[in-house]
Amino acid sequence: MLMRAALREARKGLGLTSPNPAVGAVLVIDGNIVSKGHHAGAGLAHAEVECLRRFKKTVPKSAVLFVTLEPCSTVGRTGPCTDAIIQAGVRQIVIGAPDPNPQHSGRGIDMLKTAGLDVRSGILAEECSALNEAYNKWITTGRPFVIAKCGMSLDGRLSRPPGETRWITSAASRRRAHQLRAQVDAILIGGKTLRADNPRLTIRGVRGAKQPWRVVLSRSGPLPREAHLFADRFAQRTMVCRAKNLELVLRDLGEKEITSVLIEGGGEILGHALDLRLVDKVQIYVGPMFTGGPVIAFGGLGAASTPEAPRLDRVRYERIGQDICVIGYPTYNGFTSE
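Residues numbered from 1 in each chain as written. Predicted model: local features only at pLDDT ≥ 70, side-chain atom pairs only at ≥ 80, totals over all residues. Heavy atoms only, no water.

**Some points on the sheet that holds strand β2 (residues 32-38)**
Think of a sheet as strands paired side by side through backbone hydrogen bonds, with each pair either parallel or antiparallel. Strand order in the open sheet made by the five strands is β2-β1-β3-β4-β5, with mixed pairing throughout. The sheet is open, and its two borders are formed by β2 and β5 (118-121), each paired with just one other strand. The mean inter-strand angle of the sheet, taken between neighbouring strand axes irrespective of direction, is 20 degrees. Looking at chain direction, strand β3 (residues 64-69) and strand β4 (residues 92-97) are connected through five bridges and run parallel. Counterpart to L65 in the pairing with β4 is I93. Helix-sheet contacts for helix α1 (residues 2-11) involve β1 (24-29), β2, β3 and β4, and the interaxial angle to β1 is about 145 degrees. (Pairing = 2+ DSSP bridges. Helix = DSSP H or I, 4+ residues; strand = E, 2+ residues; numbered from the N terminus. Axes fitted to C-alpha atoms, helices over the stretch in contact; angles between N-to-C directions. Contact = heavy atoms within 4.5 Å.)

Laid out in structure tokens, this is it:
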């Protein structure tokens, strides 16, 4: 399907466009794709404009523009895409998802219809919307989309016995985790994790990825200044939040146009975020071993009763070698975290 081609274009921008959404577009003439475009970064041309620029010809009346998201209708870092589409001579447009911004939703479609374009919308709307799940939450609530990620053993531990440093999950799972890092704006850990593990929280093996912010939540005690987060080439992209409520930290990050946060640990922070119903999505890599290690995944207060326990909706299970990756969206007493 032609909208799927536009979705493939949009995915090229994942992790690069924040605080804008990832959007793709294709121009079709007589059933053939003659030009493609995607939004490559905030301040750069939007997908529709890039696609039309690449065509470099007069757009015939029979051409159809497919775009994954309703074209913008206001001036931001760039001009409104609706004006560019109309001026290019496009007469037919197919749109995937509506603009989630409540101040703009439907306005772009109305403007195109008023200009005389044949507009169809809602094509693969769920898939087009899901592509920008982080942006969708941020633009409607001002708070970032929160993903809880960890690699744990079958007995729910994030660590091996003291003194052992070998990984619980496979190299293939860790490569997948780096791909996840490449799609978020910030990675958050607790001060205990920084002191115990001295993580780098960088992206490795993903070409063209943008280094996320690294956020350390520390309630007490000094942090080692020689830690990688303060001494490597990305040190300027490290934030320390001291003695702050996690919910307040996330709100502050949202005000800084950080649309997505990946919580990587430790277990206390993961559990605390779940207890506060702040987790929108989980991505858990389970290694086929029992470690008996001291650090428990999601070591929070837990639920007072089984009916009150968070459950996962839209669950997917992916096998990665001998590991299992569990992906899902928590519901809290029947309601999502939003």
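Here the narrative resumes.
**Brief notes about helix α6 (residues 133-141)**
What α6 keeps buried is the set E133, A134, Y135, N136, K137 and W138. Structurally, α6 contributes buried residues whose contacts are with α5 (125-130), β6 (145-152), α10 (246-255), β10 (260-265), β11 (281-286) and β13 (323-332). Immediately downstream of α6, the backbone of G142 shows phi near 80 degrees, a positive value. (Buried < 20%, exposed > 50% of the residue type's maximum accessible area, 1.4 Å probe, protein only.)

**Thoughts on the state of the cysteines**
Enumeration according to the criterion identifies zero disulfides in this entry. C128 takes part in no disulfide bond, and the closest cysteine sulfur, belonging to C51, lies 15 Å away. Judged by its relative accessible area of 2%, C128 is buried. There is no disulfide at C325, and the cysteine sulfur nearest it, in C150, is 10.0 Å away. (Disulfide = S-S within 2.5 Å.)

**A look at empty space enclosed by the protein**
Rolled over the atoms, a probe as big as a water molecule pinpoints where empty space is left. What the rule picks out here adds up to one cavity of 30 Å³ or more. If you go around the largest cavity, the residues you meet are K137, R143, P144, V146, E247, L250 and L278. Its residues assigned to classes, the lining of the largest cavity shows four nonpolar, no polar and three charged. (1 Å grid on protein atoms, 1.4 Å probe; cavity = no way out; pocket = protein on both sides within 12 Å on 5 of 7 lines; lining within 4 Å. Points joined across faces, edges and corners; volume = space filled by probe spheres on them. Nonpolar A, V, L, I, M, F, W, Y, C, P; charged D, E, K, R; others polar.)

**Quick word on the packing of aromatic side chains**
For any pair of aromatic rings, the description consists of the separation of the ring centres together with the inter-plane angle of the planes. For the structure on display, the rule yields one aromatic pair. For the ring pair Y135 and W138, a centre distance of 6.4 Å and an interplane angle of 45 degrees mean the geometry is tilted. On the criterion of helical spacing, the pair formed by Y135 and W138 is a turn pair, its members being three residues apart in helix α6. For the pair shown, Y135 and W138 are each scored as buried. Geometry around W213 places R237 over its ring, the cationic atom sitting 4.6 Å from the centre. In this structure, R314 is placed above the aromatic ring of Y329, and the distance from its NZ or CZ to the ring centre is 3.9 Å. (Phe/Tyr/Trp six-rings, centres within 6.5 Å; stacked < 30°, edge-to-face > 60°. Lys NZ or Arg CZ within 6 Å of the ring centre and 35° of its normal.)

**Structural notes on the pattern of salt bridges**
Counted by the stated rule, this structure contains 13 salt bridges. As a salt-bridge pair, R176 and E318 come within 2.6 Å of each other at their nearest N and O atoms. You can see R176 sitting in helix α7 (residues 171-181) and its partner E318 sitting in strand β12 (residues 311-320), a full 142 residues away along the chain. Using a relative accessible area of 29% as the deciding quantity, one classes R176 as partly exposed. Between E268 and K192 there is a salt bridge, with its nearest N and O atoms 2.9 Å apart. Pair noted here: E268 is in helix α11 (residues 267-275) and K192 is in helix α8 (residues 191-197), with a separation of 76 residues, a long-range link. With a relative accessible area of 58%, K192 lands in the exposed category. Bridged by salt links that share partners, the residues K149, R181 and E264 form one connected network. (Salt bridge = Lys/Arg side-chain N within 4 Å of Asp/Glu carboxyl O.)

**Details of the nonpolar core**
Within the largest apolar cluster, 36 residues are counted, with the highest numbers of intra-cluster contacts made by L65, I85 and I93. For this core, the secondary structure elements donating two or more residues are α1, β1, α2 (47-55), β3, β4 and α4 (107-114). In contact with I93, not counting residues within four places along its chain, are L65, V67, P71, I85, L112, L117, D118, V119 and R120. Residues V249, V279, A297 and Y332 belong to the second largest nonpolar core, which totals 27 residues. (Core = buried A, V, L, I, M, F, W, Y, C linked by side-chain atoms within 4.5 Å.)

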